[in-house]
Structures are given as structure tokens and as C-alpha cells.
Amino acid sequence: YQEANKFCIYNSASWVVNSISPRHTATIFSGSGGNFTNQTVIAPPGPLPTELGGVKVQIVDSQNVSRFAGLTFVSPTQINLFIPADVAVGTATLT
């Protein structure tokens, strides 16, 4: 799924679209015309940062609780992230 100024999120293990869960990694790809950042950055060893290369991913879960995802990699067209363990199961919004 790609549309101007939209993105698509995949489960990093199965590559299933829009199927992510707590304590798992996910990959977001930008749609055509998308640009997450102007650089490519890999997270250093240790606790995952919630900001990398000027990029943050906020998750608002099904209980309307907001938190930031840990980031492992960002580039102009891709973000790799870790969904926090305490994100409630159900529909969520990522910004």
C-alpha cells in the first residue's frame, strides 16, 4: 500500500501489513513522495532511543494511552521500531 504522503507498516518478522503487536519490531515504509528524514541513522548499542535522526514515532493505543516507540533505524524511506510492551492490544494510531 503506497499513496502520496502516506506510509505502510509491516510486522518485521512476518511482513504482514498492519499486523503489529507489543514487544515486536515493525517497519514503516514511506509512500511515494514521503520523506521521514534527510539522513540514515542506526541506533547505538544500549537502550533504544525514542528519537533518531530527528524522527519520533508516537503510538496512541486502543486505551487512548500515548507513548513513543524505540527506534533502531531511520532513513528517508524507512523506519524500524520496537512496539513497547505496555501498548494495549487493539487498534492504534501511529504518528
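Residues numbered from 1 in each chain as written. Predicted model: local features only at pLDDT ≥ 70, side-chain atom pairs only at ≥ 80, totals over all residues. Heavy atoms only, no water.

## Here we look at the packing of aromatic side chains
(1) Moving on: According to the stated counting rule, one finds zero aromatic pairs in the structure shown.
(2) Moving on: The ring of Phe68 is capped by Lys56, whose NZ or CZ atom sits 5.1 Å from the centre of that ring. (Phe/Tyr/Trp six-rings, centres within 6.5 Å; stacked < 30°, edge-to-face > 60°. Lys NZ or Arg CZ within 6 Å of the ring centre and 35° of its normal.)

## With respect to the sheet that holds strand 5 (residues 66–68)
Across a sheet, strands are paired by hydrogen bonds formed along the backbone, either parallel or antiparallel in direction.
(1) Moving on: The strand order across the open sheet formed by three strands is 5-4-8, and the pairing between neighbours is antiparallel. In the strand order of this sheet, the two ends are held by strand 5 and strand 8 (93–94), each with one partner.
(2) Moving on: In this sheet, strand 5 lies alongside strand 4 (residues 58–60) in antiparallel orientation, the contact comprising three bridges. In the strand pairing of strand 5, Ile59 is matched with Arg67. (Pairing = 2+ DSSP bridges. Helix = DSSP H or I, 4+ residues; strand = E, 2+ residues; numbered from the N terminus.)

## Remarks on the nonpolar core
(1) Moving on: Ile28, Val57, Leu71, Val74, Ile79 and Leu81 are the most contacted members of the largest nonpolar core, which has 17 residues in total.
(2) Moving on: At the level of secondary structure, the elements contributing two or more residues to this core comprise strand 2 (25–30), strand 6 (70–74) and strand 7 (78–82).
(3) Moving on: Setting aside chain neighbours within four positions, we find Val74 in contact with Thr37, Gln39, Thr40, Val41, Leu52, Gly53, Val55 and Ile79. (Core = buried A, V, L, I, M, F, W, Y, C linked by side-chain atoms within 4.5 Å. Buried < 20%, exposed > 50% of the residue type's maximum accessible area, 1.4 Å probe, protein only. Contact = heavy atoms within 4.5 Å.)

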